[in-house]
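Residue-level listing of the chains:
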Amino acid sequence: EPEVTQTPSHQVTQMGQEVILRCVPISNHLYFYWYRQILGQKVEFLVSFYNNEISEKSEIFDDQFSVERPDGSNFTLKIRSTKLEDSAMYFCASRQGPMADTQYFGPGTRLTVL
Amino acid sequence: GNSVTQMEGPVTLSEEAFLTINCTYTATGYPSLFWYVQYPGEGLQLLLKATKADDKGSNKGFEATYRKETTSFHLEKGSVQVSDSAVYFCALSVVYGQNFVFGPGTRLSVLP
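Report follows, based on the coordinates. (Residues numbered from 1 in each chain as written. Chains lettered and ligands numbered in written order. Predicted model: local features only at pLDDT ≥ 70, side-chain atom pairs only at ≥ 80, totals over all residues. Heavy atoms only, no water.)

1. A few points about the state of the cysteines
Residue and element names in this part refer to chain A. On inspection of all chains with the given rule, the structure shows 2 disulfides over all chains. Paired by a disulfide, Cys 23 and Cys 92 hold their sulfur atoms 1.9 Å apart. When the S-S torsion is -60°, as for the bridge of Cys 23 with Cys 92, the disulfide is left-handed. Of this pair, Cys 23 sits in strand S3 (residues 19-24) while Cys 92 sits in strand S9 (residues 88-95), placing them 69 residues apart in sequence. Pair check on accessibility: Cys 23 and Cys 92 agree, each one buried. (Disulfide = S-S within 2.5 Å. Helix = DSSP H or I, 4+ residues; strand = E, 2+ residues; numbered from the N terminus. Buried < 20%, exposed > 50% of the residue type's maximum accessible area, 1.4 Å probe, protein only.)

Printed below as a string of structure tokens:
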């Protein structure tokens, strides 16, 4: 069964460094999403992406965040200058099309900012 | 705004016990409702869903009914197994398939 994959599974970085989290959505899906879950808290929506542009973003998704689909398979989340409070589990999700109501999630990347 | 509230965990049950995890929501319009499950070390997996009032979602012995009058979507299973130990997330989507709003998750531990 096709699935969303994410790499790395765990990323440790120093405060102020840039990180790129990678996702490979399900191949025929058109809509892509990033969510994050700070330890012990809710899963929170960050951004949605369709047709090579951001379709919606939350207030969490400020100027230090960016997303990109650099080729036909990858979907990345970049954090330019990481802060301690960026430490969280980051989930990528994809959805097949406008008539699909289900998002399929990857296993997550645990980001630890020291 | 849109929000989801779940019962606080952790929930610890013996094998074959009856499970209920409560979920209530606040939303504009008519959301679709979902239960996702996260097994240890894995991502969020769709467990079941319901897209309109009175719909019942079911999968792997789990059930949940979309109750518009009580704005609830409680998850139930008649007889839990050790392999059901996981974190369960209730979620809604107000705009079809978009921008899910999750509850805080409920950790279930099933003891043999």
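2. Here we look at the interface of chain A and chain B
Across the contact, 22 residues belong to chain A and 19 residues belong to chain B. Carbon and sulfur atoms make up 50% of the area that chain A and chain B hide from each other, which totals about 1700 Å². Interface area lost by chain A to chain B is led by Lys42(A), Asp101(A) and Phe105(A), which between them contribute 35%. At the junction of chain A and chain B, the tally comes to 1 salt bridge. Where Lys49(B) meets Asp101(A), a salt bridge forms, and the shortest distance between an N and an O atom there is 2.6 Å. Applying the counting criterion to the chain A and chain B interface returns 5 residue pairs in polar contact (both at pLDDT 80 or more). Breaking the side of chain A that touches chain B down by element, the ones donating at least two residues are strand S4 (31-37), strand S5 (43-50), strand S6 (53-57) and S9 of chain A. (Contact = heavy atoms within 4.5 Å. Buried area = accessible area lost by both parts, 1.4 Å probe. Salt bridge = Lys/Arg side-chain N within 4 Å of Asp/Glu carboxyl O. Polar contact = N/O pair within 3.5 Å; in protein donor to acceptor, adjacent residues only side chain to side chain.)

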